[in-house]
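Here is what each chain is made of, one letter per residue.
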Amino acid sequence: IITGGCEKVGSLLRIVGQRLALGFLTLVVVSFVIFVAVNAMPGDFAQAILGQGYTEEAGDAIRKEVGLDKPYFVRYFSWLGAALQGDFGTSFAQASFTAYAGTGTGSGLGTVAAQLAPRFENTMFLATVAATIAVPVSLVLGLLAALYRNTIFDRVVNIFTLSSISSPEFFMAYILILLLAVLNPLLPSLSNIFDGMSFADRLNRTLLPALTLTLIVTAHMMRMTRAAIINLLASPYIEMARLKGISPMRVIVVHALPNALAPIINVVALNLAYLITGVVVVEVVFVYPGIGQLFVDAVKNRDIPVVQACCLIFAGAYILLNLTADVMSILSNPRLRHPK
């Protein structure tokens, strides 16, 4: 028994190690794609900063200050090596102003990590609030829709979720602003979060964008839960449970749900990743001071280090949650540990 248990643990650790190695390799490849795409953005950063006061001397000084005069691959490997250590460099906007003013190096000012830390915390708070609402609601709706399939309740839930999933994020945001902030002033339309706020005030300002994200991601999770459970209801062991006189709700919760966890976990993880990586539009609409708003501002200002760091964080969060879903699916279904 002990030998068999050790073999199972070793097999599981080997699978997890393979997934982590693959995830790291994927992140490195994605980092190169990010670097190439961001540096291919049109426009000149020095001209955008200096505007009408642009001269060749001032532009060259700014490019030298921020390192844009170095060879392409030197810049990439330098950025990647520093990013793996948690150093995303210095914001171009901060460094360039120092160089333009002629006050020496600006490398110690405006680090990207310092800008990202509070914004990432705000985004994680928004994603946590949305996930706390969306995951239980979607699972309950999916279970009830499977239990009462082909009824009026099932049709209404499907129509509602299809409508929400088919609508763009900004449209759902403006509808909620109209209903909950203008016609019925229950929640603030702008999410101006700042340090020192109480948890209640912070939650109140975050609730409207969180509800917008909830309406978007609930549909995916609810429909996958419903489909996974209905797919199992025709199984022989489910029929046997029904013949024994077990209640339909107990059949679904106790017998069907555990075997449907793998696809449900995958879709939940994908939507949790969306809550982190897909908040850009929602944060812009509600002026929420998160990483999505910082990303948009950095693209507007052509602040390449900030854009690269935001993209890398989005990619890392997406890969990490996918790996987590993969491992949890393997743990919930032992058959996945021994693929044929």
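Reading the values: rules and limits
- Residues numbered from 1 in each chain as written.
- Predicted model: local features only at pLDDT ≥ 70, side-chain atom pairs only at ≥ 80, totals over all residues.
- Heavy atoms only, no water.
- Helix = DSSP H or I, 4+ residues; strand = E, 2+ residues; numbered from the N terminus.
- Buried < 20%, exposed > 50% of the residue type's maximum accessible area, 1.4 Å probe, protein only.
- Contact = heavy atoms within 4.5 Å.
- Areas by Shrake-Rupley, 256 points an atom, 1.4 Å probe, with all protein chains shown as cover.
- Salt bridge = Lys/Arg side-chain N within 4 Å of Asp/Glu carboxyl O.
- Phe/Tyr/Trp six-rings, centres within 6.5 Å; stacked < 30°, edge-to-face > 60°.
- Lys NZ or Arg CZ within 6 Å of the ring centre and 35° of its normal.
- Axes fitted to C-alpha atoms, helices over the stretch in contact; angles between N-to-C directions.
- Parallel < 35°, antiparallel > 145°, perpendicular 65-115°, else oblique.
- Left-handed = near helix turned anticlockwise from the far one by under 90°.
- Nonpolar A, V, L, I, M, F, W, Y, C, P; charged D, E, K, R; others polar.
- Disulfide = S-S within 2.5 Å.
- Expected span 1.5 Å × (residues − 1).
- Bend = angle between axes of the 7 residues up to and from the residue.

### Observations regarding the overall build of the chain
Here's step 1: Each helix and strand counted, the chain has 15 helices and zero strands in total.
Here's step 2: The 340 residues of the chain split such that 41% are buried.
Here's step 3: A separation of at least 24 residues holds for 73% of the contacts in the chain among residues at least 6 apart in sequence.
Here's step 4: In the form shown here, the chain has an accessible surface area of approximately 17,900 Å², with 67% of it arising from carbon and sulfur atoms.

### A closer look at the pattern of salt bridges
Here's step 1: What the rule picks out here adds up to two salt bridges.
Here's step 2: Two residues, Arg 226 and Asp 154, come together in a salt bridge whose shortest N-O distance is 2.7 Å. With a gap of 72 residues between them, Arg 226 in helix α9 (residues 199-232) and Asp 154 in helix α7 (residues 152-166) connect regions that are remote in the sequence. For the pair formed by Arg 226 and Asp 154, the shared burial category is buried.

### Some thoughts on the packing of aromatic side chains
Here's step 1: Evaluation of the coordinates by the stated rule reveals eight aromatic pairs.
Here's step 2: Here the aromatic rings of Tyr 76 and Trp 79 are separated by 6.3 Å at their centres, their planes lie at 50 degrees, and the arrangement is tilted. Within this pair, Tyr 76 and its partner Trp 79 are both found in helix α4 (residues 72-84), separated by three residues, close to a single helical turn.
Here's step 3: The exposure class assigned to Tyr 76 is buried, which follows from its relative accessible area of 4%.
Here's step 4: You can call Trp 79 buried: its relative accessible area is 8%.
Here's step 5: For the ring pair Phe 295 and Phe 314, a centre distance of 6.0 Å and an interplane angle of 70 degrees mean the geometry is edge-to-face. Residue Phe 295 is found in helix α14 (residues 291-301), and its partner Phe 314 is found in helix α15 (residues 304-332); the two are separated by 19 residues along the sequence. This pair shows no difference in class: Phe 295 is buried, exactly as Phe 314 is.
Here's step 6: Members of the aromatic cluster, joined through ring pairs, are Phe 32, Phe 35, Phe 73, Tyr 76, Phe 77 and Trp 79.
Here's step 7: Of note, Arg 202 hangs over the ring of Phe 125, and the distance from its end group to the ring centre comes to 4.8 Å.

### As for the side chain of Thr 123
Here's step 1: By the element assignment, Thr 123 lies in helix α6 (residues 112-147).
Here's step 2: Here Thr 123 falls in the buried class, since its relative accessible area comes to 0%.
Here's step 3: Not counting chain neighbours up to four residues away, the residues in contact with Thr 123 comprise Ile 276, Val 279, Glu 283, Tyr 288, Gly 290, Ile 291 and Gly 292.

### Some words on unusual backbone geometry
Keep in mind that most residues, glycine aside, have a negative phi and that most peptide bonds are trans.
Here's step 1: For Asn 150, which is not glycine, the phi torsion reads 65 degrees and is therefore positive.
Here's step 2: Positionally, Asn 150 belongs in the loop between α6 and α7.
Here's step 3: On the accessibility criterion, Asn 150 (57% relative accessible area) is exposed.
Here's step 4: Backbone geometry at Val 287 places phi at a positive 50 degrees, although glycine is not the residue there.
Here's step 5: Structurally, Val 287 can be placed in the loop between α13 (280-285) and α14.

### Examining the packing of α6 against helix α12 (residues 261-277)
Here's step 1: In contact at an axis separation of 9 Å, α6 and α12 are set at 150 degrees when each is read in the N-to-C sense. Overall, the two elements α6 and α12 adopt an arrangement that is roughly antiparallel. Relative to α12, the crossing made by α6 is right-handed. Note on element contacts: α12 touches α6 through Ile 264, Val 268, Leu 272, Leu 275 and Ile 276, opposite Thr 123, Met 124, Ala 127, Ala 130, Ala 131, Val 135 and Leu 139.
Here's step 2: Taken together, the residues that form the contact of α6 with α12 break down as eleven nonpolar, one polar and no charged.

### Brief notes about the state of the cysteines
Here's step 1: Counted according to the given criterion, the structure contains zero disulfides.
Here's step 2: Residue Cys 310 stays outside any disulfide, its sulfur separated by 6.9 Å from that of Cys 311, the closest cysteine.
Here's step 3: Given the relative accessible area of 0%, Cys 310 is considered buried.

### Quick look at helix α8 (residues 169-183)
Here's step 1: Its 15 residues give α8 an end-to-end C-alpha distance of 20 Å, which sits within 8% of 21 Å, the value for a rise of 1.5 Å per residue.
Here's step 2: In the structure, α8 departs most strongly from a straight axis at Ile 177, where the bend amounts to approximately 30 degrees.
Here's step 3: Of the residues making up α8, those classed as buried are Met 172, Ala 173, Leu 176, Ile 177 and Ala 181.
Here's step 4: Looking at the buried side of α8, the elements it contacts are α7, α9 and α13.

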